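A look at the structure
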Protein chains: 2
Amino acid sequence: MNIDMIRAAADRLKGHARRTPLLSSPFLDEIAGRRMLIKPECLQHTGSFKFRGGWSAVSAMDDATRKRGVIAYSSGNHAQGVALAATKHGAPSVIIMPNDAPQLKIDNTRALGAEVVFYDRPGGESREAIGDALQADRGLTMIKPYDNPYVIAGQGTTGLEIAEQAREMDVETGDVLICCGGGGLTSGIALALEADAPGLRARPVEPEGFDDVARSLISGDIETNNAQTGSLCDAIITPAPGELTFPIMSRLCGPGLVVSEDEALHAVALAFKRLKIVLEPGGAVSLAAALFHPDKIEGDAVIAVCTGGNVDSDVFALALDKHS
Amino acid sequence: MNIDMIRAAADRLKGHARRTPLLSSPFLDEIAGRRMLIKPECLQHTGSFKFRGGWSAVSAMDDATRKRGVIAYSSGNHAQGVALAATKHGAPSVIIMPNDAPQLKIDNTRALGAEVVFYDRPGGESREAIGDALQADRGLTMIKPYDNPYVIAGQGTTGLEIAEQAREMDVETGDVLICCGGGGLTSGIALALEADAPGLRARPVEPEGFDDVARSLISGDIETNNAQTGSLCDAIITPAPGELTFPIMSRLCGPGLVVSEDEALHAVALAFKRLKIVLEPGGAVSLAAALFHPDKIEGDAVIAVCTGGNVDSDVFALALDKHS
C-alpha cells in the first residue's frame, strides 16, 4: 500500500464518487471547545464511504475479470457500495447475506442491482463455503471490506480531499477522527494525510466494548473483541483490525478513542439539529469523540469523518427522543 | 435586478457561503420516473439558503453603514442568516420577533450574535413601529427577506452553482423546482439560469392553500393568500409575491406547482432515507413535486432545490412515523 495507489484510485473515482464538503457549526465549535470540521460521508452514494472502496476495486479490474462479476459478504454498507459500483460498471455482483438479515437491507441491495444469496446463519451454515463455491463456479472476484489494497486506496481518497479542503480552510494541524471498523478507511486516510497534510493525524474512534483497534494500537499486536454483536454501532463492529490495515495504522495513527453508545446517539441528534445530516450511530462515533472527549484531543481544530447514514427510522427517532 | 448583481454577489460570497453539492439517488429516480438532482441548501450555513442573501446584503454595505448595524423582522431562517452574516462581519444585528416565538428560535438567533427585540403580537403591537423607531434611533439598515436586490442577488448565487453543476453532470434541459415563499430565491435562480443555463427553467413550488405565487403567475397580477398561518411548511408561508420578485418570476418562470402537506412530509421522510439529509417540510415541497407530480413536469431530468432543514424533532419524527 502506498500513496500512489490512492492517487490512482482518486483518478478512477473522479466524476463517479461524490466529493463531500466539509461542514461546520458554531454551536458544535462551542460544545467541542475548538474549531470543528465534519466530513459527511453519509452524503456519499449509497449513504456511506464504502462506495469509494467498491468503485476503486471494481474499476481496477481488467475487463474480462470484471465481466465475470464480483462477490462480497455483507449485509450492510459494503454490500451496497459494491453492488452499485458493479452495476454502474455493467458487471454482475453477488452479495452473500445471512438469511435473517433485515428485509430492507435485502431489498436495497437487490435494487442496486446485486443478486443476493443467503446462508443459514442461525443454522450454522458457513458463508465462506457458499462464497468459495460461487467463486469457483462463476469466476467471481471477492472484494473484502477492508483487507484489499484497492479498497483501502478507494477509502483513502477521503483523506486526499480532507487534506485539500482543510488547507483551503486554513487548518494545517490537528486530529482527524475516523469511525473505525476493520481499518480500511482509517489506514487509507492515514496514508493520504502522511503525504498531503503531515500536520494532520488520523485517529480511530470505536464504541465501548468493541475497541479492538484502540487496544491493538496500545499492545502493538492485533487484539480481538469478545462480543461481535449487540451494539447500535453495528456498521463498525468487526472482530479485529485487518492484516493489511493494522501495520499502517500502527505506524501512522494517534491513540484510539472510545465513546459510549449513548454519546454516539447524542452525536446523531446534534448532527440532525446543527448540521442537517442523517448519521447512523456507527457513523457518528467520531463526532461524539470530538464533542464529548475534548480533553483527549490535541490542537486548535479537529476534523471528524462521519462515515455513514444508513440508519433505521426507529433508531433515529430514539436518538432524537433521548437528546432533543 | 440583473445577472451582473448576482455575479458580484457570488464574488462576495466566495469562501464564506458553502457551495452545496448536487445529490441523487437511484431510488428517487425510480419514484420520479426521470433523473433527479437535489440541491441541498439545508447544508448551507444556518441550515438554509437564507445565509446567502444575508451575507450578500451585509457585505455590500459601506463600512460606516455596516458598523451601525442591520435589522430584520423574522422568527425563522432569514433571522438566522442575517444574524450570522452580520456577526461574521463584526456588525451588530437586531432581529424583531413576536413575543410568542419558540424559545429555541430565540436562543439560536441570540447564539448567532443578534440582539432580539420583541413585539407583542398577541396584543396587536405593530412590529413596524418598533422597527422604524430602532432604525431611526440607531441608524440600523433594514434587510427585507425578499424585496431587496442584494438579497435576491445572494439567493441567485444558488442558480449560478446549479447551472455549472448541472452542466458537469450533462443535464442541459429540464425544470428546476424551487420551494417558494416571497420569491427571492426563485427570482434569483431564474435570472441566473436565464444567463448561464437557458435550457433550465425555474418553477416555484408551494403548499396547498398558500399558492399565491402559482395563482399570480396565472393571473398576471399579485395575488394573496387568505390564511397566513396553519401549515407545517411555515418557512415558505408569505402573504404574496414581492414587488421586486414577481415581475422577474412572471417573465422567466414556468407554471407554479402545488403539493399537499402530507406529500411534503413524505418527501422529508424520503430525503432522510435516500439522501441522508434533514429537511423541514417547507424546504421539501420541491422534492415532493418532483416525486409525486411527475406528470406536471417536463424533460428527462428534474432538479429540486431543497431550501432548508430547520425542523423541530417532533415534526421530523412525525414525517418518519407516517412514511417509513
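Residues numbered from 1 in each chain as written. Chains lettered and ligands numbered in written order. Predicted model: local features only at pLDDT ≥ 70, side-chain atom pairs only at ≥ 80, totals over all residues.

1. Regarding the overall build of chain A
From N to C terminus, chain A includes 14 helices and 9 strands. Scaling as 2.2 N^0.38, a compact globule of 324 residues should have a C-alpha radius of gyration of about 20 Å, and chain A matches this with 18 Å. Principal-axis analysis of the C-alpha atoms places the extent of chain A at approximately 55 × 40 × 40 Å. By the burial criterion, 55% of the 324 residues in chain A qualify as buried. Of the contacts made within chain A by residues no fewer than 6 positions apart, 75% connect residues no fewer than 24 positions apart. (Helix = DSSP H or I, 4+ residues; strand = E, 2+ residues; numbered from the N terminus. Rg over C-alpha atoms; globule rule 2.2 N^0.38 Å. Buried ≥ 20, exposed ≤ 12 C-beta atoms within 10 Å, placed from the backbone. Contact = placed C-beta atoms within 7 Å.)

2. Notes on the relation of the copies chain B and chain A
Once chain B is rotated about the relating axis by 180° and shifted along it by 0.0 Å, it coincides with chain A to within an RMSD of 0.0 Å. Both chain copies can therefore be described as sitting about a two-fold axis. Residues of chain B ranked by C-alpha distance from the rotation axis are headed by I277 of chain B, positioned 2.3 Å from it. Interface overlap between copies: 100% of the residues of chain B at the interface are likewise at the interface in chain A, consistent with a symmetric, same-surface contact. (Least-squares fit on C-alpha atoms with pLDDT ≥ 70 in both.)

3. Details of the interface of chain B and chain A
Across the boundary between the two partners, chain B contributes 20 residues, which contact 20 residues of chain A. Those elements giving two or more residues to the side of chain B that touches chain A turn out to be α2 (26-32) and α14 (313-322) of chain B. Counting residues per element, the side of chain B that touches chain A draws most heavily on α14 of chain B, at 4 residues.

4. Quick notes on the sheet that holds strand β1 (residues 35-40) of chain B
Residue and element names in this part refer to chain B. Pairing is parallel across the open sheet formed by 5 strands, whose spatial order is β1-β9-β6-β7-β8. The open sheet terminates on both sides in strands that have one partner only, identified here as β1 and β8 (257-259). Shown here is a sheet whose adjacent strand axes are inclined to one another by a mean of 25°, direction ignored. The pairing of β1 with strand β9 (residues 301-306) spans 6 bridges and is parallel. Within β9, the position partnered with M36 by the bridge is V302. (Pairing = 2+ DSSP bridges. Axes fitted to C-alpha atoms, helices over the stretch in contact; angles between N-to-C directions.)

5. Things to note about the sheet that holds strand β8 (residues 257-259) of chain A
Residues and elements named next belong to chain A. One open sheet holds the 5 strands; their spatial order is β1-β9-β6-β7-β8, and the pairing between them is parallel. Only two strands of the sheet have a single neighbouring strand rather than two, namely β1 (35-40) and β8. Across the sheet, the mean angle from the axis of one strand to that of its neighbour is 25°, orientation sign disregarded. The sheet contact formed by strand β6 (residues 174-179) and strand β7 (residues 200-207) spans 6 bridges and is parallel. Each bridged residue has a counterpart across the sheet, and for I178 the counterpart in β7 is P204.

6. Here's the deal with the domain arrangement of chain A
Residues and elements named next belong to chain A. According to the domain assignment, chain A contains domain 1 (3-48 + 148-322) and domain 2 (51-142). Computed over C-alpha atoms, the centres of domain 1 and domain 2 are 25 Å apart. Of all elements in the fold, only α1 (3-13) and α8 (149-168) reach the threshold of two or more residues within the side of domain 1 that touches domain 2. Considering each element in turn, the side of domain 1 that touches domain 2 owes the most residues, 7 residues, to α8. Class assignment of the residues belonging to the side of domain 1 that touches domain 2 gives a composition of 7 nonpolar, 13 polar and 1 charged. (Domains from an automatic or database assignment. Nonpolar A, V, L, I, M, F, W, Y, C, P; charged D, E, K, R; others polar.)

7. Let's talk about helix α10 (residues 212-219) of chain A
Residue and element names in this part refer to chain A. Buried within α10 are the following residues: D212, V213, A214, S216 and L217. Each element contacted by the buried residues of α10 is listed here: β7, α11 (245-252) and β8. Immediately downstream of α10, the backbone of G220 shows phi near 85°, a positive value.

8. Looking at unusual backbone geometry
All names here are of chain B. At T46, a position not held by glycine, the phi torsion is positive, near 65°. Relative to the elements of secondary structure, T46 occurs in the loop between β1 and α3 (50-60). With 26 C-beta atoms counted inside 10 Å, the residue T46 sits in the buried group. One non-glycine residue, K276, lies in positive phi territory at about 65°. By secondary structure assignment, the location of K276 is in the loop between α12 (261-275) and α13 (285-292).

9. Digging into the packing of helix α9 (residues 184-196) of chain B against helix α11 (residues 245-252) of chain B
Residue and element names in this part refer to chain B. Where α9 contacts α11, the two axes come as close as 9 Å, and the packing angle between them is 45°. Here α11 runs oblique to α9, going by the angle between their axes. For the crossing formed where α9 meets α11, the hand is left-handed. Only T245, I248, M249 and L252 of α11 make contact with α9, whose side of the interface consists of G184, T186, S187, A190, L191 and E194. Looking at side-chain class alone, the contact of α9 with α11 contains 5 nonpolar, 4 polar and 1 charged residues. (Parallel < 35°, antiparallel > 145°, perpendicular 65-115°, else oblique. Left-handed = near helix turned anticlockwise from the far one by under 90°.)

10. What to know about the nonpolar core
Grouped together as the largest cluster of nonpolar side chains are 210 residues, with contacts concentrated most on L177, V268 and A271 of chain A together with L177, V268 and A271 of chain B. Leaving out residues up to four positions away in the same chain, A271 of chain B has contacts with I277, L279, A284, L287 and C306 of chain B. (Core = buried A, V, L, I, M, F, W, Y, C linked by C-beta atoms within 7 Å.)

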